[in-house]
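Structural description and commentary
One-letter residues, chain by chain:
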Amino acid sequence: MADYSVVLLPGDGTGPEVINQARKILDLINEKTSIGFNYETIECGGKYFLETGKEWEEGSFERCKNADSILLGAIGWPGAIRKNGDLAGGEVVLGLRSGLDLYANVRPIKLFEGVQHKIHGKYRTVWDSKNVDMCILRENTEGLYYGALQRSRARSLGEDFFESPELDFPGLSGEIAWDPRPISENGSRRIVSKAFEIASKRNGAPNDKKKSVTCVDKSNVARGCQLFRRIFDEESKKYSNISTNYAYIDAFTMWLIRNPEEFDVVVTSNMFGDIATDLGSVLQGGMGMAASGNIGDSNALFEPVHGSSPKYAGKNMVNPIATINSLQMMLKWLGDTKNSKELVRISDIVHNAVSDQIKGRKVVTYDLGGNATTSEVGDDLVKRLKVLLD
Ligand code: IPM
Ligand code: MN
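Anyway, here's the lowdown on the structure attached to this text.

Thoughts on the site of ligand 1
As a matter of local geometry, ligand 1 sits amid Leu 87, Arg 97, Arg 107, Arg 138, Tyr 145 and Asp 274. A distance of 2.8 Å separates an oxygen atom of ligand 1 from a polar atom in the side chain of Asp 274. Computed on the free molecule, ligand 1 has an accessible area of 320 Å², of which 77% lies beneath the protein chains in the complex. Of the residues that constitute the shell around ligand 1, the class distribution is two nonpolar, no polar and four charged.

Side note on the pairing of strand E4 (residues 104-110)
In terms of burial, E4 is largely enclosed, as five of its seven residues are buried. By the bridge criterion, seven bridges tie E4 to strand E7 (residues 133-139) in an arrangement that is antiparallel. The residue bridging Arg 107 from the neighbouring strand is Ile 136, located in E7. In terms of strand pairing, E4 meets strand E11 (residues 291-295) through three bridges, oriented antiparallel. Paired with Ala 104 across the two strands is Ile 295, which belongs to E11.

Quick notes on the pairing of strand E1 (residues 2-11)
Judged by how many residues are buried, E1 sits mostly within the fold: seven of 10 residues are covered. Remark: the E1/helix H1 (residues 15-32)/strand E2 (residues 35-41) crossover connection has right-handed handedness. Two strands pair when backbone bridges link them, and E1 and strand E3 (residues 69-74) are joined in this way by five bridges, in the parallel orientation. Note that in E3 the partner of Val 7 across the bridge is Ile 70.

Notes on the pattern of salt bridges
Inspection of the entire model under this criterion finds 26 salt bridges. We note a salt bridge from Arg 151 to Asp 86, for which the minimum N-O separation is 2.8 Å. One end of the pair, Arg 151, is in helix H5 (residues 146-157); the other, Asp 86, is in the loop between E3 and helix H4 (90-99), and 65 residues separate them in sequence. Both residues of the pair, Arg 151 and Asp 86, count as buried.

Points about the nonpolar core
The biggest cluster of nonpolar side chains holds 79 residues, and the ones touching the most others in it are Ile 25, Phe 37, Leu 137, Val 213, Phe 252 and Val 267. Per-element tally for this core: the top contributor is helix H10 (residues 321-337), with eight residues. In this structure, Cys 64, Ile 70, Leu 72 and Leu 94 belong to the second largest nonpolar core, which totals 20 residues.

Analysis parameters
Residues numbered from 1 in each chain as written. Chains lettered and ligands numbered in written order. Predicted model: local features only at pLDDT ≥ 70, side-chain atom pairs only at ≥ 80, totals over all residues. Heavy atoms only, no water. Near = heavy atom within 4 Å. Polar contact = N/O pair within 3.5 Å; in protein donor to acceptor, adjacent residues only side chain to side chain. Areas by Shrake-Rupley, 256 points an atom, 1.4 Å probe, with all protein chains shown as cover. Nonpolar A, V, L, I, M, F, W, Y, C, P; charged D, E, K, R; others polar. Buried < 20%, exposed > 50% of the residue type's maximum accessible area, 1.4 Å probe, protein only. Helix = DSSP H or I, 4+ residues; strand = E, 2+ residues; numbered from the N terminus. Pairing = 2+ DSSP bridges. Right-handed = clockwise from strand over helix to strand, strands pointing away. Salt bridge = Lys/Arg side-chain N within 4 Å of Asp/Glu carboxyl O. Core = buried A, V, L, I, M, F, W, Y, C linked by side-chain atoms within 4.5 Å.

Here it is in structure tokens:
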């Protein structure tokens, strides 16, 4: 019996509801397979901060660090802002990304067969599922998030606070607020190298089945992007069987929607990746379908791309698939890193169960044109998995 420890961070708003569905699947794995998950839950987030003055209990960072993996629901609550303007709950999500050096934010954009998109208020299929299967890699430790990441990490670890250096901005007047956007050579190299590594294991872009990595930047304007692209070029030379493309972020957002079939792996800096993946979720059927993993060399945190949707909190309405697919990514990552064929098999089974459920269109939430509740989707998956795991 192999045992793995997992920290569950339900967080804010609809976070606890979607994490509960993932928990049902962990329980089923414990019951049906030789894999055992010891999970513990840590309360955290913006609402928790408003109630307690802390973003999570002391010692939580260490507990996350020592666990085999982490699954997060969502962070963010109306009015939950620290005195210095920082997001309350940032210590959790940004503190872990920075403090555990989870430099690769891996965000697959895959359209499951049967998904209907809500475009112009109507539910219909817009993209052919065969045409949407890419993976966006968002750099996760520097760029425009640098200041916020450093402050959140310092808070987590009880270190000195990060302050932006004093700078003159000739020509500007009145109060000036600014965020440094440092892009480093080594930070770029490790994310670009991860992108090529992921591309080498995938099946290429949907249109031509050719493996490719697209570098998305704004190197016609920003210096950090010029360095990022230079490192991209250097790294790409190591992979002669993977072709390369470039796109400026503004044009990329257009191609992403118009010609998603042209993209295989995309690598970009932190803020561009944040924005592009929310847009990319539309290709998948919305934020309820977008899963992600924050991956470092020794730790990883998996989470849906969506936020805490305060408006829907407690209503048992939101789509838990983004979280369940994040759990599926976690099972695969654990399987690969711990060398467990059984975990990889289970992750494939979870993927198949989700595919069948969505193709059936019967038990899907409102965002996909259905009327199932969050827990009905979770329960239906458990029912399917019970059969598949036998
Ligand atoms: C995301 C979220 C976070 C981010 C927030 C909650 C800080 O939007 O994971 O994409 O900006 O990275
Ligand atoms: Mn985001």
